[in-house]
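This is what each chain is made of:
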Amino acid sequence: MRDFSMPGVHRAPERDVSITGVDTAVIRGNFDWNLVRVHTDAGISGLGEAYRGGGVDGIVGYLEDVLVGENPLDVERLFRHMVQETSGHGGTTGKVVTAASGVEFALWDLAGKLLGLPTYQLLGGKYRDEVRLYVDLHAGESYAVAHGATDYADDAAYQAEAYVERATEALDLGYDAMKFDLDAPADNDPEPTNGRLTPTHVAAKEEVVAGVVDAVDGRAEVAFDCHWDYELGSGKRLATALEPYPIMWLEDVLPPENTDAQRELARSTSTPLATGENRFRVHEFTQLLDDYAVDVVTPDPATVGGLAEAKAIANRAEERYLAFAPHNVCSPVGTAAMVHLCAAVPNASYLEYHALDVDWWADLLDTDAPFVEGGRIAVSEAPGHGIELDESVARDHAVAHTDGFFGGDDA
């Protein structure tokens, strides 16, 4: 087996630093956010975040033994080391890569702090001073129930009305890009498992899209997410029905496993398609990009393999003149890391923001400056990701953490 471990490898004394531990905390927001902190014998630690959900903190604990004694400045080598050391039990995909992604985020933050450089500089340089967000908005189902919807047509009409209200709110907050869920529980009537849309379903979804597009009236771009719900024939009919509308993209129409089906969908429509958040590492994007089965590629850096892996995917997309728009459901910790990624990628279009309704989201950061302003996040010039955690807020919302995570040991 290849060996990527190199503790004690030679380097200049001022960069002779070793990892002493890795700790985690699970913070409950609109999701369970998996925060990661990497400690060193220099008294400096780095902060990162892995994709949401259970089991990640345990895997990070396992990876700690792989990392202790290593030099944290070798970020990409250490990612390969983590993958190699876990390759016999799922290390090339899934939760293990997700956990390693969170560690990788923290290593970039740590490297930036040790070297006195912002993360974007370590990733190759800066293309923009601020990153544009698209805000993920939710409305519709609860609104429809509250207003007494009794059948699919009523549900769709109320959903369209609710989405128009939410779009107007987002415009007032300064967002010029937004995304709505287009799939709905009523899609499962009368068959909950086959992924088929009836003509009534398609017409109702077109009504939602038409209402939102008319409401924003060119003041914002609008995308719609299907959450991998539909079979190919229904996906084709839906995408074709939306061709008259100038939408930003239609996302995750089909289940993610079959790239041939995704290519077939792309060949059938002029509606821009986006997908990528359920794929791991650059290898799982090769056919998708080579076949031009997507118009906008949307990997989640906190699950795909980290910032460097996401940048490799963005580079391959750029070679094919395709846009890059990372999926993101992180706290401000992971979001800050992705801002640096988007700053360093020429073909980055938007970064997702998925916490508009979490009123304490930005309070996780120890700063008086607004983090999100006018639908943008400024690229920090401070070392690393340019953030520090407000530990009191994090403690208040923590549902699990290792003993060493809290303690104010960041430089």
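So, the packing of aromatic side chains: which residues are in play, and what are the values?
Going through the model one piece at a time under the given rule, you end up with 8 aromatic pairs. Between the aromatic rings of Tyr163 and Phe180, the centroid separation amounts to 4.6 Å while the plane-to-plane angle is 20°, which identifies the pairing as stacked. Of this pair, Tyr163 sits in helix 6 (residues 152-172) while Phe180 is found in strand 5 (residues 177-181), placing the two residues 17 residues apart along the sequence. One aromatic cluster is present, built from ring pairs that chain together Tyr175, Tyr353, Trp361 and Phe371. Above the plane of the ring of Phe405 lies Arg37, whose end atom (NZ or CZ) is 4.8 Å from the centre.

Describe the pairing of strand 3 (residues 45-50), and please don't skip the residues or the numbers.
Here strand 3 lies mainly inside the structure; 6 of its 6 residues are buried. Side chains Ser45, Leu47 and Glu49 of strand 3 all project onto a buried face; the interleaved residues Gly46, Gly48 and Ala50 project onto the opposite face, where all are buried too. Of the pairings in the sheet, the one linking strand 2 (residues 32-40) to strand 3 comprises 6 bridges and is antiparallel in character. Opposite Val38, over in strand 3, you have Gly46 as the bridge partner. Hairpin connection between strand 2 and strand 3: a loop of 4 residues separates the two successive antiparallel strands, and Gly43 in this loop has a positive phi of roughly 75°.

Explain the pairing of strand 5 to me, using residue names and the numbers behind them.
Of all 5 residues that make up strand 5, 5 are buried, and the element is covered over most of its length. Alignment of strand 4 (residues 130-137) against strand 5, held across 3 bridges, turns out to be parallel. Looking across to strand 5, one finds that Asp136 is bridged to Lys179. With respect to chirality, the unit in which strand 5 leads through helix 7 (residues 199-216) into the neighbouring parallel strand 6 (residues 221-225) is right-handed.

Can you explain the nonpolar core? Please cite residues and give values.
Residues Val38, Met178, Phe180, Leu182, Phe224 and Leu250 are the most contacted members of the largest nonpolar core, which totals 122 residues. For this core, the element with the most residues is helix 3 (residues 94-115), which contributes 11 residues. If we skip the residues at most four places from it in the chain, Val38 touches Ile19, Gly21, Val22, Ile44, Ser45, Gly46, Val103, Ala106, Leu107 and Leu110.

Break down the packing of helix 7 against helix 8 (residues 232-241) for me, with residues and values.
At a closest axis distance of 10 Å, the pairing of helix 7 and helix 8 adopts a crossing angle of 35°. The handedness of the crossing between helix 7 and helix 8 comes out as right-handed. The segment helix 7 lies against helix 8, with Pro199, Val202, Lys205 and Glu206 engaging Arg237, Leu238 and Ala241. Of the residues contributing to the contact of helix 7 with helix 8, the split by class is 4 nonpolar, no polar and 3 charged.

Describe the sheet that holds strand 13 (residues 398-401), with residues and values.
Spatially, the 4 strands line up as an open sheet ordered 3-2-1-13, and their pairing is antiparallel. Strands with a single pairing partner mark the edges of an open sheet, and in this sheet they are strand 3 and strand 13. Along the sheet, successive strands turn relative to each other by an average axial angle of 20°, direction set aside. Direction of pairing for strand 1 (residues 19-28) relative to strand 13: antiparallel, over a ladder of 3 bridges. The residue bridging Val26 from the neighbouring strand is Ala400, located in strand 13. Here helix 3 sits on the sheet and contacts strand 1, strand 2 and strand 3; the angle it forms with strand 3, its principal contact strand, is near 150°.

Reading the values: the criteria
- Residues numbered from 1 in each chain as written.
- Predicted model: local features only at pLDDT ≥ 70, side-chain atom pairs only at ≥ 80, totals over all residues.
- Heavy atoms only, no water.
- Phe/Tyr/Trp six-rings, centres within 6.5 Å; stacked < 30°, edge-to-face > 60°.
- Helix = DSSP H or I, 4+ residues; strand = E, 2+ residues; numbered from the N terminus.
- Lys NZ or Arg CZ within 6 Å of the ring centre and 35° of its normal.
- Buried < 20%, exposed > 50% of the residue type's maximum accessible area, 1.4 Å probe, protein only.
- Pairing = 2+ DSSP bridges.
- Right-handed = clockwise from strand over helix to strand, strands pointing away.
- Core = buried A, V, L, I, M, F, W, Y, C linked by side-chain atoms within 4.5 Å.
- Contact = heavy atoms within 4.5 Å.
- Axes fitted to C-alpha atoms, helices over the stretch in contact; angles between N-to-C directions.
- Left-handed = near helix turned anticlockwise from the far one by under 90°.
- Nonpolar A, V, L, I, M, F, W, Y, C, P; charged D, E, K, R; others polar.

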